[in-house]
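Descriptive analysis of the structure
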Amino acid sequence: MKKNSTVIMTEGNVTRVLLMFAIPIFISNLFQQLYNVVDITVIGHILGDEALAAVGSTTSIYSLVVGFINGMSNGFCVVVARYFGAGEENSFRKSVHLSVALSLIAAIALTVSSLLFLRPLLLLLHTPESILDLAQSYISVILVFCFVTVTYNLLSSMLRAIGNSRIPLYALVIASVLNIFLDLLLVGGLHMGVVGAAWATVAAQIFSVVFLTVYIVKSCPLLHFYARYFALEKQILAELTTTGLSMAMMLVLTNIGTVAMQGSINAFGTSTITGHTAARKFHDLCMLPFGTICTGTATFVSQNYGARKADRIKQGIRSSIILGTIWSIIVLLIILFFGKSLIHALTGSSDSTVLNIAMQYLYWNVPFYFILNILLIMRNSLQALGGKILPLIASLTELVGKFIGAFCLTKMVGYLGICWTEPLTWIVCLPIVLSGFFIRFCSRFSIRTRSQPARWF
């Protein structure tokens, strides 16, 4: 199989290969987060706290939909990367074609269902009456065009599966600059309010899709479509469906818990919503390196699993954990020394309640990032080896934990219960994922756990 314009992850220095692949993904994710961060900043500075609270109250719904899309695309990427690493060109091309068909079905289903249940869901989440219409007007525009998000994630994941993480970066850099310009024009210049920010985000995403499509047509023959590869191969279809749904449902379960928590947060009032929204946006930015490392690790493990290189998989996971731990320490230092100033710069708010709520959340969550780092890496690695059930069990455990936090802890200690919930679920889920990974790794590579223990450090 021709593998030009890619990072071949089955060869070369492990850390160097991971970084070459991961750095463009990190920058891409950074610019993708700028879509929402710029919306928050422009809305907060130009439209004020109430408009910011309206957008913030929809964050969990947006995360739920995008989480499903990202999980599904990542699942497809894992399967496609495995065939690519194994050099099975026929299966590789068929898996790409079937990924497109499955993504089209998912896009239609997501658009229809999300719009049908949008307002009832906002009411269920105790969205304050004063911001309900604003919230609906913002998120409805995003959801109508969620097929654009599906298409972008599919194209990006197919390119990542063959080791090309640079082109999605170029698309997002240009689109993010466009998004900033459109935000200022539509919200600040044309006074379109929160709807203007939504349209700016959609327009920038459409540009990303066009950019990637043109590149693939002109420069990436590996991903070109041919009628003969649209044959319905049951084994590949089953692998794509189960892996895609497993990873999608894993994120959906996690985000359903977040939606439940958002309902409790909304009940605390506008100041708490605004402060929590700011903290979560900062948290999302801090998560970018973790997400990048996990994406790189999943592709790395999947390609090397296809190539049957067990030692290289161990080296890659070890390097990923070390990189994530370093980032955990850096984030903690940033929060301790510059946290409140960064929150103020993000929201434009000088309300002490807003700032204190945001910092309370970060003080309780950031110190546990090193646990989250290991959890995410091992969960993605387990899925790259074909594990589907245990990641779902861990996500279901996290869902239960978030419901307990939303409906029990908040009754006992107020907003502090929200702050405690996620660190506690990370601690509980880590042993589940670790045990599942080691059992599957040993069985897939026929390693006897007693006589030949795998040395990871």
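Since the model is a prediction, treat every value here as computed from it, not as a measurement. (Residues numbered from 1 in each chain as written. Predicted model: local features only at pLDDT ≥ 70, side-chain atom pairs only at ≥ 80, totals over all residues. Heavy atoms only, no water.)

1. Considerations on the overall build of the protein chain
- Scanning the protein chain for helices and strands turns up 16 helices and zero strands.
- Here the C-alpha radius of gyration of the protein chain, 21 Å, is about what a compact globule of 457 residues would show, namely 23 Å.
- Seen through its C-alpha atoms, the protein chain measures out along the principal axes to roughly 55 × 50 × 35 Å.
- The buried share of the protein chain, reckoned over its 457 residues, is 59%.
- In the protein chain, 85% of the contacts between residues at least 6 apart in sequence involve partners at least 24 apart.
- As presented, the protein chain carries roughly 18100 Å² of accessible surface, and 69% of it is formed by carbon and sulfur atoms.
- For the protein chain, the distance from the average position of its 29 positive side-chain charges to the average position of its 16 negative side-chain charges is 16 Å. (Helix = DSSP H or I, 4+ residues; strand = E, 2+ residues; numbered from the N terminus. Rg over C-alpha atoms; globule rule 2.2 N^0.38 Å. Buried < 20%, exposed > 50% of the residue type's maximum accessible area, 1.4 Å probe, protein only. Contact = heavy atoms within 4.5 Å. Areas by Shrake-Rupley, 256 points an atom, 1.4 Å probe, with all protein chains shown as cover. Lys, Arg positive; Asp, Glu negative; His and termini not counted. Charge placed at Lys NZ, Arg CZ, Asp CG, Glu CD.)

2. Regarding the packing of aromatic side chains
- Enumeration over the complete set of coordinates arrives at 14 aromatic pairs.
- Between Y305 and F445 the ring centres are 6.0 Å apart and the planes differ by 70°, which places this aromatic pair in the edge-to-face class. In this pair, Y305 is assigned in helix α11 (residues 270-306) and F445 in the segment after α16 (415-444), connecting sequence segments 140 residues apart. In this structure, Y305 and F445 share a single accessibility class: buried. (Phe/Tyr/Trp six-rings, centres within 6.5 Å; stacked < 30°, edge-to-face > 60°.)

3. Structural notes on the pattern of salt bridges
- All chains considered together, the criterion is met by seven salt bridges.
- Notably, a salt bridge pairs E89 with R93, separated by 3.1 Å at the nearest N-O pair. Taken together, the residues span about one helical turn, with E89 and R93 both in helix α4 (residues 89-116) at a distance of four residues.
- Here R93 falls in the buried class, since its relative accessible area comes to 10%.
- Between D133 and R119 there is a salt bridge, with the nearest N and O atoms lying 3.4 Å from each other. (Salt bridge = Lys/Arg side-chain N within 4 Å of Asp/Glu carboxyl O.)

4. Here's the deal with the packing of helix α3 (residues 59-86) against α11
- At a minimum axis distance of 7 Å, the contact between α3 and α11 shows a crossing angle of 25°. In terms of axis orientation, α3 runs roughly parallel to α11. Pair α3 / α11 crosses with right-handed handedness. For the pair formed by α3 and α11, the contact residues are T59, C77, V78, A81, R82, F84, G85 and A86 on the first element and K281, A298, T299, S302, Q303, Y305 and G306 on the second.
- Classifying every residue of the contact of α3 with α11 by side-chain character gives seven nonpolar, six polar and two charged. (Axes fitted to C-alpha atoms, helices over the stretch in contact; angles between N-to-C directions. Parallel < 35°, antiparallel > 145°, perpendicular 65-115°, else oblique. Left-handed = near helix turned anticlockwise from the far one by under 90°. Nonpolar A, V, L, I, M, F, W, Y, C, P; charged D, E, K, R; others polar.)

5. Thoughts on the packing of helix α7 (residues 146-161) against helix α8 (residues 166-189)
- Their axes nearest at 8 Å, the elements α7 and α8 cross at an angle of 145°. Only I167, P168 and L172 of α8 make contact with α7, whose side of the interface consists of Y152, S156 and L159.
- Across the contact of α7 with α8, the residue classes tally to five nonpolar, one polar and no charged.

6. Topic: the state of the cysteines
- For the structure shown, the criterion picks out zero disulfides.
- With no disulfide partner, C286 has as its closest neighbouring cysteine sulfur the one in C294, 15 Å distant. (Disulfide = S-S within 2.5 Å.)

7. Side note on the confidence of the model for the protein chain
- Scored by pLDDT, the protein chain comes out at a mean of 83, with 94% of its residues at no less than 70.
- Mean pLDDT per element in the protein chain: helix α1 (residues 14-47) is the minimum at 77, and helix α14 (residues 369-384) is the maximum at 91. (pLDDT = per-residue confidence, 0-100.)

8. Here's the deal with α3
- With 28 residues, α3 extends 40 Å from end C-alpha to end C-alpha; this agrees with the ideal 40 Å at 1.5 Å per step.
- Here α3 lies mainly inside the structure; 23 of its 28 residues are buried.
- At the C-terminal side of α3, G87 shows a positive phi close to 75°. (Expected span 1.5 Å × (residues − 1).)

9. What to know about the nonpolar core
- With 124 residues, the main nonpolar core has F92, L223, L362 and Y369 as its most contacted residues.
- The element best represented in this core is α3, accounting for 14 residues.
- For Y369, the contacting residues outside a window of four places in its chain are H283, C286, M287, F290, S328, V331 and W426.
- In terms of nonpolar packing, the next biggest core, distinct from the first, is built from seven residues, M9, L18, I25 and F300 among them. (Core = buried A, V, L, I, M, F, W, Y, C linked by side-chain atoms within 4.5 Å.)

10. Some details on the side chain of K402
- Mapped onto the fold, K402 is located in helix α15 (residues 389-413).
- For K402, a relative accessible area of 1% translates into the label buried.
- Here K402 is in contact with T254, G257, T258, M261, T421, E422 and T425, once residues within four sequence places are set aside.

11. Let's talk about unusual backbone geometry
- For H191, which is not a glycine, the phi torsion comes out positive at approximately 55°.
- Mapped onto the secondary structure, H191 falls in the loop between α8 and α9 (193-219).
- Take H191: its relative accessible area is 66%, and that puts it in the exposed class.
- Despite not being glycine, R308 shows a phi value in the positive range, around 60°.
- Looking at the element boundaries, R308 is found in the loop between α11 and α12 (310-347).
- Among the residues examined, R308 registers a relative accessible area of 46% and is labelled partly exposed.

12. So, α7
- Here α7 spans 22 Å end to end across 16 residues, near enough to the 22 Å set by a 1.5 Å rise per residue.
- Here α7 lies mainly inside the structure; 14 of its 16 residues are buried.
- Looking one or two residues past α7, G163 carries a phi angle of roughly 85°, positive in sign.

13. Brief notes about the environment of I142
- Residue position: I142 is located in helix α6 (residues 129-144).
- Separated by 31 residues in the primary sequence, I142 and T111 place their C-alpha atoms 9.8 Å from one another.
- When near neighbours in sequence (up to four residues on either side) are disregarded, I142 contacts Y62, A198, T201 and V202.

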